[in-house]
Amino acid sequence: MTFKTACVGKHIRAFLLPPLTRRFAIRASIIAIAATGFFSTICLPMKIRGASMMPTYPEHGFTFCWRPAFWFKSPRHGDVVILRYTGRQTALLKRIVGLPGDTIAFESGNLIRNGHVIVEPYTSNVCDWQLEPRVVSQNHIYVVGDNRTVDIDTHMFGEIDEKRLLGTPLW
Amino acid sequence: MVTKNKSWLLIGLIGLIAIVSISLVLRFSNEKRHIQKQLRRLSDAVSFASGEGLIAHGLKSKRTGELFAEETTLSIPVYGLTGRYSRTEIVQNALGAKNTCTRLSLDFYDLTIDIPEPSRARVNTTARLKGQTISGESFNEVRELYCDFNKINGHWLFTACTVDSIITR
């Protein structure tokens with residue numbers, strides 16, 4: 001029994017603290033370079049700050065931005081997206097409600113797209129937003145946060161250039 | 001013999017194309033660096049920390065003027081600046097705006113430089129103006145910038161600048 005425990009301990013120690021050989025150094029360097037590349041270009045770690053996407057996303061949270069999301073497909077209605085604001089330093093987390101050519105309006109808090117009331121199960125609160133109809137320009141998308149309890153004047157939403165699309169949150 | 005001559009000619013042609021392409025790429029990347037430097041200079045000239053003296057303000061504002069052409073077309077409706085402005089007017093406006101603040105910082109993000117002609121460039125960038133007014137009010141404004149640059153006497157100078165909102169309702 002004692003011999004077995006000692007053997008397991010040895011293996012764990014060897015796994016966690018391997019001898020610093022040349023081979024190990026090369027392997028560790030490759031992993032470090034690959035991880036840096038992956039987390040700086042493909043899957044970006046992001047801190048969530050702000051209540052504009054509540055209740056879908058908490059006021060303070062963490063997620064990853066999955067950049068390949070729109071490499072092979074176009075954005076669709078209802079997609080939650082991450083948009084460049086000041087480079088990658090600050091990004092916006094919003095939901096797409098309008099695509100190029102769509103007419104968007106808010107009437108008594110209801111989202112009206114192309115004349116139809118859109119059911120939005122992700123917004124749990126009732127609001128009184130009013131916004132005149134407007135047509136989304138080419139190469140632009142219309143984004144809004146899920147939190148409609150805030151005053152319309154303080155909420156950052158609207159039409160934004162598609163080139164600012166950075167990706168989608170992983171969860 | 002003829003085939004050998006032809007192959008040398010082909011190699012020479014490929015070499016020439018490669019040299020011309022590389023020199024063009026290097027030239028344009030060099031020009032892009034110069035434009036980037038002008039934007040950095042603008043950022044340095046506009047930004048200031050709290051407690052910076054009046055002389056420093058004046059000198060920096062003068063430097064701001066050196067980045068613009070004799071006449072520049074500005075379209076910044078949010079600050080009430082629309083039309084053609086001389087260097088002196090731009091410096092005066094910059095100094096006036098700085099005098100209403102206790103600290104100011106201007107940063108550029110997502111820079112795209114397009115050089116359609118050797119002496120003309122179009123720049124698209126995101127600008128962040130952050131600071132505090134004399135009354136203690138903090139501001140943090142982010143806008144999209146479209147700027148035209150012309151190469152005048154060997155220097156890339158602003159000839160037009162349009163400021164737009166990033167997200168519009």
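Just above, that's the structure.
Residues numbered from 1 in each chain as written. Chains lettered and ligands numbered in written order. Predicted model: local features only at pLDDT ≥ 70, side-chain atom pairs only at ≥ 80, totals over all residues. Heavy atoms only, no water.

**Describing the overall build of chain A**
For chain A, the helix and strand inventory stands at two helices and 11 strands. For chain A, the N- to C-terminal ordering of α and β elements is α-α-β-β-β-β-β-β-β-β-β-β-β. Over its C-alpha atoms chain A spans a radius of gyration of 23 Å, topping by over 25% the 16 Å that the globule rule assigns to 171 residues. C-alpha extents for chain A along the principal axes are approximately 75 × 35 × 25 Å. Burial analysis of chain A (171 residues in total) assigns 40% to the buried set. Of all intrachain contacts in chain A linking residues separated by at least 6 positions in sequence, the fraction that spans at least 24 positions is 54%. Averaging the positions of the 20 positive and the 13 negative side-chain charges in chain A gives two centres separated by 25 Å. (Helix = DSSP H or I, 4+ residues; strand = E, 2+ residues; numbered from the N terminus. Rg over C-alpha atoms; globule rule 2.2 N^0.38 Å. Buried < 20%, exposed > 50% of the residue type's maximum accessible area, 1.4 Å probe, protein only. Contact = heavy atoms within 4.5 Å. Lys, Arg positive; Asp, Glu negative; His and termini not counted. Charge placed at Lys NZ, Arg CZ, Asp CG, Glu CD.)

**Structural notes on the sheet that holds strand β5 (residues 103–107) of chain A**
Residue and element names in this part refer to chain A. Strands sit in the order β7-β6-β5-β8 across an open sheet of four strands; the sheet is antiparallel. Both edges of this open sheet fall to β7 (116–118) and β8 (131–135), since each of them pairs with a single strand only. Ignoring strand direction, the axes of neighbouring strands in this sheet form an average angle of 25 degrees. Both β5 and β8 contribute to a ladder of three bridges, which runs antiparallel. Bridge pairing links I104 to R134 in β8. (Pairing = 2+ DSSP bridges. Axes fitted to C-alpha atoms, helices over the stretch in contact; angles between N-to-C directions.)

**Some thoughts on the packing of helix α2 (residues 54–65) of chain B against helix α3 (residues 87–98) of chain B**
The angle between the axes and the distance between the axes are what describe a pair of packed helices. Residue and element names in this part refer to chain B. Contact geometry of α2 with α3 gives a least axis separation of 8 Å together with a crossing angle of 140 degrees. The pairing of α2 with α3 is recorded here as oblique in orientation. Regarding α2 and α3, the two cross each other, and that crossing is right-handed. Across the interface between the two elements, H57, G58, K60, S61, K62 and G65 of α2 pack against R87, V91, L95 and K98 of α3. (Parallel < 35°, antiparallel > 145°, perpendicular 65-115°, else oblique. Left-handed = near helix turned anticlockwise from the far one by under 90°.)

**What to know about the environment of H140(A)**
Residue and element names in this part refer to chain A. Tracing the chain through its elements places H140 in strand β9 (residues 140–144). The contacts of H140, once residues within four sequence positions are left out, are L99, P100, E159, I160, D161 and E162. For H140, the side chain forms a polar contact with the main-chain oxygen of Q138, separated by 2.8 Å. (Polar contact = N/O pair within 3.5 Å; in protein donor to acceptor, adjacent residues only side chain to side chain.)

**Points about the pattern of salt bridges**
Taken as a whole, this structure holds 14 salt bridges over all chains when the rule is applied. With its nearest N and O atoms 2.8 Å apart, the salt bridge here joins R148(A) to E120(A). One end of the pair, R148(A), is in the loop between β9 and β10 (158–161); the other, E120(A), is in the loop between β7 and β8, and 28 residues separate them in sequence. Side by side, R148(A) and E120(A) carry an identical accessibility label, which is buried. Residue D148(B) pairs with R122(B) through a salt bridge whose shortest N-O separation is 2.7 Å. Placement of D148(B) in strand β5 (residues 138–152) and of R122(B) in strand β4 (residues 120–133) is noted, with a sequence separation of 26 residues between them. In this structure, a network of salt bridges that share partners links the residues K163(A), R164(A) and E144(B). (Salt bridge = Lys/Arg side-chain N within 4 Å of Asp/Glu carboxyl O.)

**What to know about α3(B)**
Residues and elements named next belong to chain B. Spanning 12 residues, α3 covers 16 Å between terminal C-alpha atoms, matching the ideal 16 Å at 1.5 Å per step. Inspection of α3 places I90, A94 and K98 among the buried residues, and these make up the whole buried set. All buried residues of α3 lie within an arc of 65 degrees about the axis, which places them on one face of the element. Exposed and facing more than 90 degrees away from the buried side of α3 are T88 and Q92. (Expected span 1.5 Å × (residues − 1). Arc of directions from axis to C-beta.)

**Focus on the packing of aromatic side chains**
A full pass over the atoms with the stated rule returns 11 aromatic pairs over all chains. For the ring pair F38(A) and W66(A), a centre distance of 6.4 Å and an interplane angle of 55 degrees mean the geometry is tilted. In this pair, F38(A) is assigned in helix α2 (residues 22–42) and W66(A) in strand β2 (residues 60–66), connecting sequence segments 28 residues apart. Note on F149(B) and F158(B): the rings are 4.3 Å apart at their centroids and 40 degrees apart in plane angle, and the pair reads as tilted. No difference in accessibility class separates F149(B) from F158(B), as the two residues are buried. Sitting over the face of the ring of Y122(A), R95(A) holds its NZ or CZ atom 3.6 Å from the ring centroid. (Phe/Tyr/Trp six-rings, centres within 6.5 Å; stacked < 30°, edge-to-face > 60°. Lys NZ or Arg CZ within 6 Å of the ring centre and 35° of its normal.)

Keep in mind these numbers describe shape, not what the thing actually does.
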